[in-house]
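Here's the letter readout for the chains.
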Amino acid sequence: MKGAMRGSPAGPRLLLRRLREALAEPIGAQERLDKIVVLIAANMVAEVCSVYILRADDVLELFATEGLNRSAVHQTTLRVREGLVGLIAAEAVALNLSDARSHPAFAYRPETGEEEYNGFLGVPVLRAGRILGVLVVQNRARRTYSEEEVEALQTTAMVIAEMFAAGGFETIARPGAPLDLRRPMRLHGTVLSDGVGLGYVVLHEPRVVVTDLIGEDVDHELRRLATSLDKLRLSVDDMLARRDVTDGEHRDVLETYRMFARDRGWARKMEDAVRNGLTAEAAVERVQSDTRARMLRSTDPYLRERLHDLDDLANRLLRELIGRPHLDGADKLPKDAIVVARNMGAAELLDYDRDRLRGLVLEEGGPTSHVTIVARALGIPAVGQVAGAVSLVERGDAVIVDGEAGEVHFRPPADVEVAYGEKVRFRARRQAQYRRLRSKPSVTLDGHAVTLQLNAGLIVDMPHLDESAAAGVGLFRTELLFMVASQLPRINEQVAIYRRVLDAAGDRPVTFRSLDIGGDKILPYLRAVEEENPAMGWRAIRLGLDRPGLLRTQIRALLHAAAGRDLRLMFPMVATTAEFRAARSLVDRELRHLKRHAHRIPDHVRLGVMLEVPSLLFEIDELLGEVDFVSVGSNDLFQFMTATDRGNIRVADRYDPVSLPFLRALKRIVDRAALAHVPVSLCGEIAGRPLSAMALIALGYRTISMSPSAIGPVKEMLRALDVGRLRARLLPRLEPGRWNGDLRAFLAEYAAEHDIPV
Ligand code: PEP
Ligand code: MG
């Protein structure tokens, strides 16, 4: 009875009940809308009630009216921002006016016969913060509508939004004027993982679909809301109290959650919506939709960021109410699923059924984020930084992920779908072509064998060895295993994983790299130190030598796993020969320990260095005197030689590795290694691009390591390459004072002249 004491709550509740009856009737869309406007007008004691729906061309079309001239239906239109209705759509706020005609935005449409009306109340029809239309009531009298009436109309608008989303209105729309809700959209983002995927939207965090909008018993709904809010607050407190919540960003987010969860204003708005006749869950959604709409229009990045937090919180509350606190998007994945998410962890992506997953769209996600690395390993096309993606789609919408152009097409029109179908078939033909190359030797036209190896980092990468017929794993980035784990893997877990890697490789060599953490590679469970220049900070071997516990455990695990086989291990970010020596002595110490305890050890242990810090170039002969092999980490070597942060999109592409200084440096390394009879390979990104790989082979590199999808194109290139001829043309150009042209252009021309596919 609490509700009955406030305003006129019986009114909206009665209206909602009538609306529900109208929704259940087996009638057409137009008839239903016509009925609904009559019901609303009667209930609100208004002379006019009209519904405008937003079309894809940003025009609001009158779809139904009670009180205005019926002949204006489907004739009267207003652009977004035009007239009062356009203003409501543009600002996503209610407009409550006693003298509508004196408002500066008022736009008179003679066909409607609107001139007699003064009182005006219009509210946006919103779904997930997105405008679908506008609902208006009008009165002759100059009257201002009460707060309760505004609330009631907003609640009614929510029911109408659900009705629109359920579909059926396309059939009564004017031909050639599709509705905005189904509007095809092409959005730009950043390529995270190459490839093209066609399929249907699956929301990673499914919107809880509130089907039961209309509450029967206010007190019961208020109690449900209060109980769920209590549970939500407790769960946020719990999360904050957990020991694994380290300081920093994660804690900030949770603190924000706690603040929102305790916000009285938020609770009160939801309670009001319940008093107006909604179920508790419909009230949560209604308030959240409103907040979203307002915050989406804010230009303050801080506020927009908080919107995500509020969204998360509202979703949690909905799940509490519906009684399934952990809805799992990975459940029952449909065929051809494209997962759309704000963001997700690497492990969450691995939870999806790989056979049904065709693509990934993220609102966040950077090229070096962990989920990206996993998407690449799985070969799933992925596009990130697609603003607003989650709120622009419904489950089941058609979607195309273009991981070549960095674009996403939601609800693509038929011609776009056809074009992409062709693109997918073309890519498939290329892949089949590469597969046929699998059994062909990796030898150049003039008979030089080139060993092509894989870069890997997860167990899921290992089947690529067979698929690509690569000769082994040239770089196993062990830190990825640590990054996708939720806690530090214990030694026996590590042993098991390394053993699986070696088993999967069979008699093909695997070169493990010790943990390369620090910099941009943060382990969620290890406290990160704030650093001004993390890439040049306390990372990789530096961290390993200063805090040897972690590195020693890893070395011991690797020695165990490789018992009775060969172990190849290299150290990242080594800057001096002395550092390599220190790392080697850790290995020796572990070996002694194992021998002392009569453990079986590897048949051979070969230790190498990633050559990726420029200082080593000036100590290279000393280094080569001590190591069993070197592998050039060209990504970092180039970053440090040119002083350009590889993770900073503003500068990352500023200089070209296919250029005089860098090719000279690479030549020096391969020449000195040949003199010292030390095997050398290269495992940075340039090994996987046919044109730069061609240059590497001409410089003398005979082992290169790359991502699985690059093996085919690189092999196709090298089988068409006469190394001797290219070398004779390239090397003189690297001599001092001999040539000042563009080396990349020269190589491209050479390839074109000699029919080399690059
Ligand atoms: C490199 O630096 O070139 C390399 C292969 O290692 P990462 O990309 O993991 O730093
Ligand atoms: Mg590196």
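This is a predicted model, so every value here is computed, not measured.

## Some points on the overall build of the protein
Next, step 1: For the protein, the helix and strand inventory stands at 25 helices and 22 strands.
Next, step 2: C-alpha extents for the protein along the principal axes are approximately 95 × 60 × 45 Å.
Next, step 3: Burial status across the protein gives 53% buried among its 758 residues.
Next, step 4: Looking at the protein as shown, the accessible area adds up to about 33,600 Å², and 51% of this sits on carbon and sulfur atoms.
Next, step 5: One finds the centroid of the 104 positive side-chain charges in the protein at a distance of 4 Å from the centroid of its 105 negative side-chain charges.

## Some words on the site of ligand 1
Next, step 1: For ligand 1, the set of nearby residues contains 13 residues, the closest of which are R477, R513, G633, N635 and R646.
Next, step 2: R513 is positioned such that a nitrogen or oxygen atom in its side chain is 2.8 Å from an oxygen atom of ligand 1.
Next, step 3: Where the shell around ligand 1 is concerned, the elements lending two or more residues are β16 (473-477) and α20 (634-642).
Next, step 4: The biggest single contributor to the shell around ligand 1 is α20, with three residues.
Next, step 5: Residues that form the shell around ligand 1 fall into these classes: three nonpolar, four polar and six charged.

## Structural notes on the coordination of the magnesium ion (ligand 2)
Next, step 1: Coordination of the magnesium ion (ligand 2) by the protein involves E612 (OE) and D636 (OD), with metal-donor separations of 2.0 to 2.2 Å. Here D636 lies in helix α20 and E612 lies in the loop between β19 (604-611) and α19 (620-624), a separation of 24 residues in the sequence. Neither E612 nor D636 differs from the other in exposure class; each is buried.

## Details of the nonpolar core
Next, step 1: Ranked by size, the top nonpolar core spans 118 residues in total, and within it L349, L360, F512, L666, Y701 and I704 carry the most contacts.
Next, step 2: The dominant element in this core, judged by the number of residues it contributes, is helix α22 (residues 690-699), at eight residues.
Next, step 3: In terms of domain composition, this core takes at least three residues from each of domain 2 (185-206 + 329-423) and domain 4 (440-753).
Next, step 4: Not counting residues up to four positions away in its chain, the partners in contact with L349 are M344, L357, L360, V371, V374, A375 and L378.

## Description of the sheet that holds strand β12 (residues 382-384)
Next, step 1: Strand order in the open sheet made by the eight strands is β7-β14-β13-β9-β10-β11-β12-β8, with mixed pairing throughout. The open sheet has two free edges, formed respectively by β7 (185-188) and β8 (190-193), since each of these has just one partner strand. Strand-to-strand twist of the sheet, defined as the mean angle between neighbouring strand axes without regard to direction, takes the value 30°.
Next, step 2: Pairing analysis gives four bridges linking strand β13 (residues 398-402) to strand β14 (residues 407-410), with the strands arranged antiparallel. Looking at the pairing, D402 lines up with E407 of β14.
Next, step 3: On the sheet, helix α11 (residues 370-378) packs against β8, β11 (357-362) and β12 and is oriented at approximately 60° with respect to β8.
Next, step 4: In the packing of helix α12 (residues 414-437) onto the sheet, contacts are made with β9 (196-203), β13 and β14, and the angle to β9 comes to roughly 120°.

## What about the packing of helix α2 (residues 29-43) against helix α4 (residues 147-166)?
Next, step 1: The contact between α2 and α4 brings their axes to 12 Å, and the two run at 175°. In this view, α2 runs roughly antiparallel relative to α4, as classed from their interaxial angle. Contact residues: α2 offers R32, L33, I36 and I40, while α4 offers L153, T156, I160 and M163.
Next, step 2: Here the residues of the contact of α2 with α4 sort into six nonpolar, one polar and one charged.

## Here we look at helix α8 (residues 280-296)
Next, step 1: Between its first and last C-alpha atoms α8 spans 24 Å; for 17 residues at 1.5 Å apiece the expected length is 24 Å, and the two agree.
Next, step 2: Along α8, 15 of the 17 residues are buried, which leaves the element largely enclosed by surrounding structure.

## Concerning the packing of aromatic side chains
Next, step 1: Counted by the stated rule, this structure contains seven aromatic pairs.
Next, step 2: Relative to F169, the ring of F164 lies with its centre 5.1 Å away and its plane at 70°, an arrangement referred to as edge-to-face. F169 carries the same exposure label as F164, and that label is buried.
Next, step 3: Taken together, the ring pairs connect F476, Y498 and F512 into an aromatic cluster.
Next, step 4: The lysine or arginine in question, R568, covers the ring of F629, its NZ or CZ lying 4.2 Å from the ring centre.

## Observations concerning the sheet that holds strand β3 (residues 77-79)
Next, step 1: A sheet is described by the order of its strands in space; here six strands give the open sequence β3-β2-β1-β6-β5-β4, paired in antiparallel fashion. With one partner strand each, in any of the chains shown, β3 and β4 (95-97) form the two edges of the open sheet. On average, each strand axis in the sheet is tilted by 20° relative to the strand beside it, whichever way the strands run.
Next, step 2: As defined by bridge partners, β4 adjoins strand β5 (residues 119-127) across three bridges and the pair is classed as antiparallel.

## Observations regarding the domain arrangement of the protein
Where interface size is quoted, it is often the accessible area lost as the parts come together.
Next, step 1: According to the domain assignment, the protein contains domain 1 (10-181), domain 2 (185-206 + 329-423), domain 3 (218-322) and domain 4 (440-753).
Next, step 2: Computed over C-alpha atoms, the centres of domain 1 and domain 2 are 35 Å apart.
Next, step 3: Listed as interface residues are four residues of domain 1 and, on the opposing side, five residues of domain 2.
Next, step 4: Together, the buried faces of domain 1 and domain 2 total about 380 Å²; carbon and sulfur atoms form 40% of this surface.
Next, step 5: Between the two partners, domain 1 and domain 2, sit one salt bridge.

## Some thoughts on unusual backbone geometry
Negative phi values dominate among residues other than glycine, just as trans dominates among peptide bonds.
Next, step 1: Positioned with a positive phi, R81 is a non-glycine residue whose angle comes to about 85°.
Next, step 2: With respect to the helices and strands, the residue R81 is situated in the loop between β3 and α3 (83-91).
Next, step 3: Taking the relative accessible area as the measure of exposure, R81 reaches 53% and is therefore exposed.
Next, step 4: Phi angles above zero are rare outside glycine, and A643 is one such case at about 55°.
Next, step 5: By the element assignment, A643 lies in the loop between α20 and α21 (660-676).

Each value, and the rule that gives it
Residues numbered from 1 in each chain as written. Chains lettered and ligands numbered in written order. Predicted model: local features only at pLDDT ≥ 70, side-chain atom pairs only at ≥ 80, totals over all residues. Heavy atoms only, no water. Helix = DSSP H or I, 4+ residues; strand = E, 2+ residues; numbered from the N terminus. Buried < 20%, exposed > 50% of the residue type's maximum accessible area, 1.4 Å probe, protein only. Areas by Shrake-Rupley, 256 points an atom, 1.4 Å probe, with all protein chains shown as cover. Lys, Arg positive; Asp, Glu negative; His and termini not counted. Charge placed at Lys NZ, Arg CZ, Asp CG, Glu CD. Near = heavy atom within 4 Å. Polar contact = N/O pair within 3.5 Å; in protein donor to acceptor, adjacent residues only side chain to side chain. Nonpolar A, V, L, I, M, F, W, Y, C, P; charged D, E, K, R; others polar. Donors = N, O, S within 2.8 Å, 3.2 Å for Na, K, Ca; no water. Core = buried A, V, L, I, M, F, W, Y, C linked by side-chain atoms within 4.5 Å. Domains from an automatic or database assignment. Contact = heavy atoms within 4.5 Å. Pairing = 2+ DSSP bridges. Axes fitted to C-alpha atoms, helices over the stretch in contact; angles between N-to-C directions. Parallel < 35°, antiparallel > 145°, perpendicular 65-115°, else oblique. Expected span 1.5 Å × (residues − 1). Phe/Tyr/Trp six-rings, centres within 6.5 Å; stacked < 30°, edge-to-face > 60°. Lys NZ or Arg CZ within 6 Å of the ring centre and 35° of its normal. Buried area = accessible area lost by both parts, 1.4 Å probe. Salt bridge = Lys/Arg side-chain N within 4 Å of Asp/Glu carboxyl O.

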